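Topology and contacts: notes
What follows is the residue order along each chain.
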Protein chains: 2
Amino acid sequence: MPPPPVSAEFKSDVDQVLEAIIYLYTESRRLTKELARRADLTGPQLTVVKMLEQIGDLSLSELSERIRAQNSTVTGIIDRMERENLVTRERSKEDRRVVYIRLTAKGRKLAEEIPVEPMEIFRGALESLSAAEVRDLVKILGKVARRVRQSVRRETAEGDSGKG
Amino acid sequence: MPPPPVSAEFKSDVDQVLEAIIYLYTESRRLTKELARRADLTGPQLTVVKMLEQIGDLSLSELSERIRAQNSTVTGIIDRMERENLVTRERSKEDRRVVYIRLTAKGRKLAEEIPVEPMEIFRGALESLSAAEVRDLVKILGKVARRVRQSVRRETAEGDSGKG
DNA sequence: CGGCATTATTTAGCGTGCGAAATATCCGTC
DNA sequence: GACGGATATTTCGCACGCTAAATAATGCCG
């Protein structure tokens, strides 16, 4: 099964940028997943384990903020990790609504055994760029992100209150 | 609920690039989903409807290749779309293994009613860049993607055959 | 103190998304 | 024309990932 030659010369610049971003994002997820599988973890579980190792205990909300997922999503992830004895839940004493997620010994051991952070390859590729290239990339991508954010704000305002 | 000020000046360039890419990707998905909801569709369903409208009938494999998902994933999406009477499955006469996915009248009408393509905002933001900026972006992102691809090949080779 | 909006987490329901195995069909070869 | 390897699709089981609603605890205000 030969890989399909993407024939980029027939695509517009915009399409190429889109494709690169989609590729980079999905590939980074695939990589995390690949790495995780060697430790019998899933992608998100590896992310959580590494995060707890580096930062220490986190409340569920803090955790979901950092991995950019909804609380309800993280609840499920933590459920499964608790089942596998990788983390424990501990009610906060100051605010009994809060649950802290803590690595178990097993979880910590696992985290230490995994040599690279998730996204390491991704990061490595970015770091192999020249300083000027990184600067340009930051500048241009930042600009794109800002414009998207503006358009989004306009879009959602239309769909919601009126004026559309 | 004020949006959290991201304070980008404390992040490394690499982190900023990562963050921008993640933001752009997830935002583009969120936008598609948002758009879709107005037509009572899900994100992937909107993508499929628009794709079939523009390209015409596609086999399930062609479809899954274009939306970058596994066949098994697309089978499920098409199942639900068929249930909603948006598409039909038709066995190919030449090769009876192949199933063509075709828009129903209802599906086509829906596709026509949705004014913007998915990713339109995303595309608009990219098009608002200067030609030079787009050129740079294509060049640098392409380079990053190539390096990632190389590292990936190395990684997976290690994990598989040996030498790791 | 009692009520009430707010906040943290969980539950429920649904739709992806994947990998592996099952099914059906095609194709080349004998 | 049967056989065996390839190809297209589906089925199965599991893990996200989301929204909306439920639950539990906090803090404020009178």
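What you see is a predicted model, and the numbers here were worked out from it, not measured in a lab.

All names here are of chain A. Averaged over all residues, the pLDDT of chain A is 82; the fraction at 70 or higher stands at 82%. Overall, residues 1-9 carries pLDDT values under 50, and its contacts beyond four positions in sequence, including any with other chains, amount to 3 contacts. Note that pLDDT drops below 50 for residues 159-164; the model gives that stretch 3 contacts with residues more than four away or on any other chain.

Moving on, we come to the environment of Ala105 of chain B. With respect to the helices, strands and loops of the structure, Ala105 of chain B is situated in helix α5 (residues 105-113). Put simply, Ala105 of chain B and Val87 of chain B are 18 residues apart on the chain and 8.5 Å apart in space, counted from C-alpha to C-alpha.

Further remarks concern the interface of chain B and chain A. Contacts between the two partners involve 45 residues from chain B and, on the opposite side, 45 residues from chain A. Carbon and sulfur atoms make up 76% of the area that chain B and chain A hide from each other, which totals about 5,100 Å². Of all residues in chain B, the largest losses of buried area upon contact with chain A belong to Tyr23, Tyr25 and Ile140 of chain B, amounting jointly to 11% of the total for that side. At the boundary of chain B and chain A, one finds 2 salt bridges. Of all elements in the fold, only α1 (13-38), α6 (120-127) and α7 (131-160) of chain B reach the threshold of two or more residues within the side of chain B that touches chain A. In terms of residue count, the dominant contributor to the side of chain B that touches chain A is α7 of chain B (18 residues). Taken together, the residues of the side of chain B that touches chain A sort by class into 25 nonpolar, 5 polar and 15 charged.

With that settled, the discussion passes to the relation of the copies chain B and chain A. The operation relating the pair of chain copies consists of a rotation about an axis and a translation along that axis. Between chain B and chain A, the superposition needs a rotation of 180° and an axial shift of 0.0 Å, giving an RMSD of 0.1 Å. Accordingly, the operation relating the two chain copies is best matched by a two-fold axis.

On to the protein's contact with DNA strand D. In the neighbourhood of DNA strand D, 26 residues make up the surrounding shell, with Ser72 and Arg80 of chain A together with Ser61, Arg89 and Val99 of chain B lying closest. Between Gln70 of chain A and DNA strand D, the recorded distance is 2.9 Å, taken from a backbone N or O atom to a phosphate oxygen. Within the side chain of Ser72 of chain A, an N or O atom sits 2.8 Å from a base oxygen of DNA strand D. Elements supplying a minimum of two residues to the surface near DNA strand D: α2 (43-55) and α4 (71-83) of chain A together with α3 (60-66) and α4 (71-83) of chain B. Looking at the surface near DNA strand D residue by residue, the class counts come to 6 nonpolar, 10 polar and 10 charged.

Now for a positive patch on the surface. On the surface, Arg29, Lys33 and Arg37 of chain A together with Arg29, Lys33 and Arg37 of chain B cluster together into a patch of positive charge. Contributing elements (two or more residues each) for the positive patch: α1 (13-38) of chain A together with α1 of chain B. Following the sequence through the fold, Arg37 of chain B ends up in helix α1.

Thresholds applied
Residues numbered from 1 in each chain as written. Chains lettered and ligands numbered in written order. Predicted model: local features only at pLDDT ≥ 70, side-chain atom pairs only at ≥ 80, totals over all residues. Heavy atoms only, no water. pLDDT = per-residue confidence, 0-100. Contact = heavy atoms within 4.5 Å. Helix = DSSP H or I, 4+ residues; strand = E, 2+ residues; numbered from the N terminus. Buried area = accessible area lost by both parts, 1.4 Å probe. Salt bridge = Lys/Arg side-chain N within 4 Å of Asp/Glu carboxyl O. Nonpolar A, V, L, I, M, F, W, Y, C, P; charged D, E, K, R; others polar. Least-squares fit on C-alpha atoms with pLDDT ≥ 70 in both. Near = heavy atom within 4 Å. Polar contact = N/O pair within 3.5 Å; in protein donor to acceptor, adjacent residues only side chain to side chain. Patch = residues over 30% accessible without salt bridge, like charges linked within 9 Å, V, L, I, M, F, W, Y side chains within 5 Å. Areas by Shrake-Rupley, 256 points an atom, 1.4 Å probe, with all protein chains shown as cover. Lys, Arg positive; Asp, Glu negative; His and termini not counted. Charge placed at Lys NZ, Arg CZ, Asp CG, Glu CD.

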